[in-house]
Structures are given as C-alpha cells and as structure tokens.
Number of protein chains: 2
Amino acid sequence: MLRVRIIYLLVAAIIISPSFAIAADPLSSWNDTSTKAAIVRFVEAVTNPKGKDFVAPAKRIAVFDNDGTLWVEQPIYTQLTFIFDRVKELAPQHPEWKTTQPFKALLAGDMKTVGASGEKGIIEMGMTTHSGMTATEFEEMVRDWLASAKHPRFDRPYTECVYQPQLELLAYLRANGFKTFIVSGGGIEFMRPWTEDVYGIPPEQVVGSSIVAEFEIREGHPVLVRLPKINFVNDKAGKPIGIYQHIGRRPILAFGNADADMQMIQYTKAGDGLRLGLFLHHTDAEREYAYDRESHVGKLNKALDSADIEDWIIVDMKRDWKSVFPE
Amino acid sequence: MLRVRIIYLLVAAIIISPSFAIAADPLSSWNDTSTKAAIVRFVEAVTNPKGKDFVAPAKRIAVFDNDGTLWVEQPIYTQLTFIFDRVKELAPQHPEWKTTQPFKALLAGDMKTVGASGEKGIIEMGMTTHSGMTATEFEEMVRDWLASAKHPRFDRPYTECVYQPQLELLAYLRANGFKTFIVSGGGIEFMRPWTEDVYGIPPEQVVGSSIVAEFEIREGHPVLVRLPKINFVNDKAGKPIGIYQHIGRRPILAFGNADADMQMIQYTKAGDGLRLGLFLHHTDAEREYAYDRESHVGKLNKALDSADIEDWIIVDMKRDWKSVFPE
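Residues numbered from 1 in each chain as written. Chains lettered and ligands numbered in written order. Predicted model: local features only at pLDDT ≥ 70, side-chain atom pairs only at ≥ 80, totals over all residues. Heavy atoms only, no water.

S.K.: Would you mind showing me how to read the side chain of Q266 of chain B here?
M.R.: Mapped onto the elements, Q266 of chain B comes out in helix α11 (residues 262-269). In this structure Q266 of chain B comes out as buried when scored by relative accessible area, which is 15%. The residues contacting Q266 of chain B, other than those within four sequence positions of it, are F215, I217 and P222 of chain A together with E310 and W312 of chain B. (Helix = DSSP H or I, 4+ residues; strand = E, 2+ residues; numbered from the N terminus. Buried < 20%, exposed > 50% of the residue type's maximum accessible area, 1.4 Å probe, protein only. Contact = heavy atoms within 4.5 Å.)

Structure, rendered in structure tokens:
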C-alpha cells in the first residue's frame, strides 16, 4: 500500500502544480548557443510520435567516445598513466626491467625514451600490465588504482575529470528513451569497472579495445584468464565494426572528439532518417585544454575540414560549455 | 493532461481493486513441479530487498542459449537449413558447384555425402552464404528467409517453433528487473534480426558466433562488409568468454540444454551469492523431440551426470511444461 500512496501523492502533486511543465533545464551546463539548440531540436524531433522524424525508443541508440569526449585525455590518456604506474609497482618483481627498454627508461623517469619506443613499446608495457591475471583480479587493479590516482593538473581523481555537460547530455538522452553506449579506443575492461557509477552506463553498454581471454578451471574454480594477445582494436574503422559486433544496430547519435571517431560518425549519419554527429573541439586552455590539428592525442584535423560538408556539429568547449567539470 | 488523467484512473483502479495482488500466473505454461517452484523461489529471493540473497537490479543478468533452449534445434539447426536453402538459391550463379563437394551433393539432395563432409564442409557452405555482402544485405536475407521457411515437422515458421514456457520465463524475469541475454553458438547476425520481436531481446543483448566484418566507403556511402573469416566461436568455453566480452559481468541465471552450455553455467554458478543454472532436457518425443546422450545436435551427456553435484536444475520438458509452443 505504501507504493500506492506514494503514486497517489505524486499524481496529486502533478495535478495541483502548474509549474510542472516548466522543469529545470536538463542541460544547464550548456550555454544557450546554436549547438545546444541543435541537440534539443534533434531529441525533440526523434521523440515526437506525431513527427516525421520519430524514432521508436528501442532504436534510440547513442554512442559516445570516452577519452576526450567524456573525460580528460590530456596530458596523456589516463590508461597510459595506469600502465606506467603499474609498471612501477610491478618493478620489484621484474629485475630484468632494469636493463630492458622501454621499462628501463620509464623506471628512470626518462619519458623521452619511453615516447621514442612508440606504439610497440606502449603495447609491450600494456600487455605486461593487462594480462596474466584473472578478469576479477584485473577489475580490482583498475578500481584500486582509480581510488588513489589523481590527475596531475586538476589534482582530483580521474573519475572526477569527466565533463559535466556530457553527464547532463547522457542523462537527458536516457530521460528521452535513449540507450547510451561508450564506443572507445580504450580498453573495454579498463572502463567497465566505473562507467556505471560515473556515467550511468552499465558494463554491457561499453564497447572498447580488448585482449584475448581464456576460460580455465583452476582448482575446481572456473576463471577467465587474460592473455597477452590483442583481440580487437576499437579505433578508427574499428569503431563501426565494434558497434556492429556489440550493439548490432546503427546508432542515431554519435559523439566523438577526434579524427579517430570519423568512421563511427560517418556510419551513424549514413543511416536513414534524422541522425546527429558531433565532435567536441577542445578550445579552452584555461578551464581544460586547447588542441586539435597537431595534437599527439585526440588529433582533430580532417574532421574539422569535413564538418560542414558532412553536416557534423563541432562543439566548441569554450563557447558552448558553461562549466567543464562537476562541482 | 491526458497522461495525468490516465495515471489518476490507474491509481484509482489499483486502490479500489482488492484482487490486484493476485495477478495471473506469469508462468502458466509451466506445470506446478519442483522445477517451477525452484525458479520462482530464486527470483523471489534475489528480488527481496530485505532478504540476504538480494541482488541489485543492474546485476540481474540472465543468459539463455538459443538452439534447443529457446527454439527447436531438431532435426537440424535452423541456421543449417538456412545455409542449405541459400546454397540452392545461389546455385545458378555458381556453375562450378555442380562439380565441387559438398555443394554438388547438396544440390543433388545427397545429404549423406553432405553430412560426411563434416564441419569443414559446413563451414565452407556457411562462409559462402554468410559473407561477401553488406551487413544490411545479410540482415534482409535472414528476414526474407524466415518469412517463408517452415519447419519440416511442425509446418510453421521457425520463429513460431519457440517454446512458450521460455517466452513466459523471459517475460517473468524482465518483469522482475532482470536483463535477458541470448548467449548462443549460432551466428549473432542470424539471430539479431528477429530476437526482439520474438523473445523481446534486443540485438544488443544477443551474443553469438561471428565472422569478421570490415568498414568500407563504397561510392561515398559507408558500409560494413562481411568477410569469409571466422571472428569468434561462441560455444563451449567460448560462451563465458563471449559473456565477458559483451556483457562484462557475470550472470546470476544461465539456461542451456547441452554439454556445450556447461562452461557458461559453471561460470555463472561460480559467482558469489545465489545463482541458478538450468538445462532443458528434451524428453518429449510426442510434442517435440526426445534426445540427450547420443544426439548429433544438442548432446546432453556430461551435464546430466554432473547435475546433482553441481546443483544444476534439469528441466524435464515432458514433466515440467504444460505446453510447448505458442498457440
């Protein structure tokens, strides 16, 4: 009966409150620019059952890149910092690293040599720190690290270096019947332990890069063991493939921030009916960072040139966002 | 205001109706046996917020095998019939098949030779019929075929050769806050076009075997092209891996029907707290089929022997199901 009474009170409140229709702005951290207007117009169009652009709720799939779109990716990807920290922590068990590059350079704080080891060096350190343990053990490592690590400039946990306007946008989309997904080049299992708490996106709605795992019975107990072998790279042309494999239908909204998100957004926009493709342009060195065509992370170059012809929205952080981080 | 008025009437109806609590049995096609009682007991335990076995809604993940668990898999897997039909349809464009096995045998109706070609022959025909087209084209092929193909014995569309008690169980779980997934050895893209309509399971909650796909811009239009290369085999030890990759958390309920589902169910049961693992035992030659230890499809042998010690429930189709198919 309690629930019935609560519903009753709620209904009464709705009926007697004339201001109910004028709810608080769900996108209050967005400035009232053409960008915000375009987002709202799109959502209203696809949710209006009488309009020509109506999309059934089940098909309201929205995909978001993570690094640089939902949280900070400067000065380096957060997952890279995780890798470096793990290598340092594991070093006592690996005396051979003292004489092996790029481990030697990292342990000596020589980041120039680490950088020079390129993708190969990074993958080697990534494999060392991301495999060899069970799925459960890896999840705990990620949780433990995030609980103590802090962003070097903002001096707050990485999970608080997320963008407030995007949190509002995710919630606004879900309130309008959308299902929100992450489609990131980052490691899928590096994101899943925290995306539900931070973004309201459950693990099953996270698509990312992955390594191979194996099922094993250890002392009568079934475990999943992570192997040092790449399974899938969910980046660039891999993003629409990741969407096909995991989601199995084409999104109607895609939000990225780099040229590596172009294919995902092209694929989204190529579907029938109204679609929205957005890129976040980091233009705010004061509150966050300013980077685009020449950046070593989140390079945004071709997408800027193609935005007009492809009908993509370039979100200008400085102009379009009232605030950047949560309070 | 219309919505407000409807809610108001609904609330009024709830308040004045004393019989509201006594709803119709959501599992009415299940006989009142110990099996049904165990399912209901489990669901009540994990949904009771005051009980020691309570599981938060977000973690109520239930996984179901498809072939032989949700729909008929005899006399051969439905997808195999699809492959055979497609080969026959494509034959005019492939004169070379007249002299190439196993195509030659299939076109001549010599199923013994087809069978003798084994897994290699089947994969060859599968690749021929499942790749070379875009994702959208393949989806249409599946839809078209399902719209006309009929089961040889039941003489009804395959999508009506699904089990009524399982449809009820899926709906019952969802009504209790569960998220229901398919985890099948079958092709993921062979299932996705129809699982939402038939089972209420959307494409993004279907996990299955897959081939590799590639992103391509064709005449300015982005498409996904299916390649003749296996990406992932979601069977046996592959099932818990598929769950890890797609869902990213351990189910609390798993339902299969064959030894190939053992690993999925072991993995499910190995989690903390209350878990339920079930196997459907096909014991009903009259209404459906009777097969287990010696069957060429859906072999159920080791799981029968281990059920007691592993605390798995063996669902006896003949005993536990009041009806098998929807009206």
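S.K.: For this particular structure, what's the right way to read the interface of chain B and chain A?
M.R.: Frequently, the measure chosen for interface size is the accessible area removed from exposure when the parts meet. Contacts between the two partners involve 43 residues from chain B, matched on the other side by 43 residues from chain A. Roughly 3700 Å² of surface becomes buried between chain B and chain A when both sides are summed, with 61% attributable to carbon and sulfur atoms. Our count for the chain B to chain A interface comes out at six salt bridges. The partner of K179 of chain B in a salt bridge is E204 of chain A, with the nearest N and O atoms 2.9 Å apart. If you list the elements that add at least two residues to the side of chain B that touches chain A, you get α1 (2-16), α7 (135-148), β2 (179-187), α9 (188-199), β3 (206-218), β4 (221-232), α10 (238-246) and α11 of chain B. With six residues, the top contributor of residues to the side of chain B that touches chain A is α1 of chain B. (Buried area = accessible area lost by both parts, 1.4 Å probe. Salt bridge = Lys/Arg side-chain N within 4 Å of Asp/Glu carboxyl O.)

S.K.: Which parts of the structure should I look at to understand unusual backbone geometry?
M.R.: Apart from glycine, the bulk of residues carry a negative phi angle, and the bulk of peptide bonds sit in the trans form. A cis geometry characterises the amide bond from Q74 of chain A onward to P75 of chain A, with omega recorded as 0 degrees. The step from Q101 of chain A to P102 of chain A runs through a cis peptide bond, and the omega angle for that step is 0 degrees. Tracing the sequence through the fold places P102 of chain A in the loop between α3 (78-90) and α4 (103-107). A positive phi angle is found at D155 of chain B, which is not glycine, with a value near 50 degrees. Structurally, the position occupied by D155 of chain B is in the loop between α7 and α8 (164-175).

S.K.: Looking at this structure, I do not really get the pattern of salt bridges. What am I missing?
M.R.: Pairing between side chains of opposite charge can happen when the charged atoms of each approach one another. Scanning the entire structure with this criterion turns up 34 salt bridges over all chains. Note that D53 of chain A and K52 of chain A form a salt bridge whose closest N and O atoms lie 3.0 Å from each other. Given the relative accessible area of 79%, K52 of chain A is considered exposed. Between R249 of chain A and E196 of chain B there is a salt bridge, and its shortest N-O distance comes to 3.0 Å. With R249 of chain A in the loop between α10 (238-246) and β5 (253-256) and E196 of chain B in helix α9, this pair bridges two chains. Under the relative-accessibility criterion, R249 of chain A is labelled buried at 12%. Through salt bridges with shared partners, one network takes in K179 and R249 of chain A together with E196 and E204 of chain B.

S.K.: Explanation requested: a nonpolar patch on the surface in the structure shown.
M.R.: Residues and elements named next belong to chain A. A grouping of I123, I230 and V233 is seen on the molecular surface, where their side chains present a nonpolar patch of about 230 Å² in accessible area. Tracing the sequence through the fold places I123 in helix α6 (residues 118-130). The class for I123 is partly exposed, based on a relative accessible area of 33%. (Patch = residues over 30% accessible without salt bridge, like charges linked within 9 Å, V, L, I, M, F, W, Y side chains within 5 Å. Areas by Shrake-Rupley, 256 points an atom, 1.4 Å probe, with all protein chains shown as cover.)

S.K.: Help me understand the pairing of strand β5 (residues 253-256) of chain B, please; the structure alone is not making it clear to me.
M.R.: Residues and elements named next belong to chain B. Side chains L253 and F255 of β5 all project onto a buried face; the interleaved residues A254 and G256 project onto the opposite face, where all are buried too. Bridge count between strand β1 (residues 61-64) and β5: three bridges; the pairing is parallel. Paired with F64 across the bridge in β5 is F255. Sheet topology note: the β5/strand β6 (residues 276-283) ladder contains four bridges and is parallel. The residue of β6 that forms the bridge with A254 is G277. Following the chain from β5 across α11 to the adjacent parallel β6, one finds a crossover that is right-handed. (Pairing = 2+ DSSP bridges. Right-handed = clockwise from strand over helix to strand, strands pointing away.)

S.K.: Which parts of the structure should I look at to understand the relation of the copies chain B and chain A?
M.R.: For the pair of chain copies, the relating operation is a rotation around an axis with a shift along it. Rotating chain B by 180 degrees about the axis while translating it 0.0 Å along that axis superimposes it on chain A, leaving an RMSD of 0.0 Å. Taken together, the turn and the small shift mark the pair as related by a two-fold rotation axis. No C-alpha of chain B approaches the rotation axis more nearly than that of H246 of chain B, which lies at 3.2 Å. Same-surface contact between copies: 100% of interface residues of chain B are shared with the interface of chain A. (Least-squares fit on C-alpha atoms with pLDDT ≥ 70 in both.)

S.K.: It is not clear to me how the environment of L280 of chain B should be interpreted in this structure. Could you clarify?
M.R.: By the element assignment, L280 of chain B lies in strand β6. Sequence-distant contacts of L280 of chain B, that is, excluding residues within four places in its chain, are made with G68, T69, Y163, F255, G256, N257, L300, V315, M317 and W321 of chain B.

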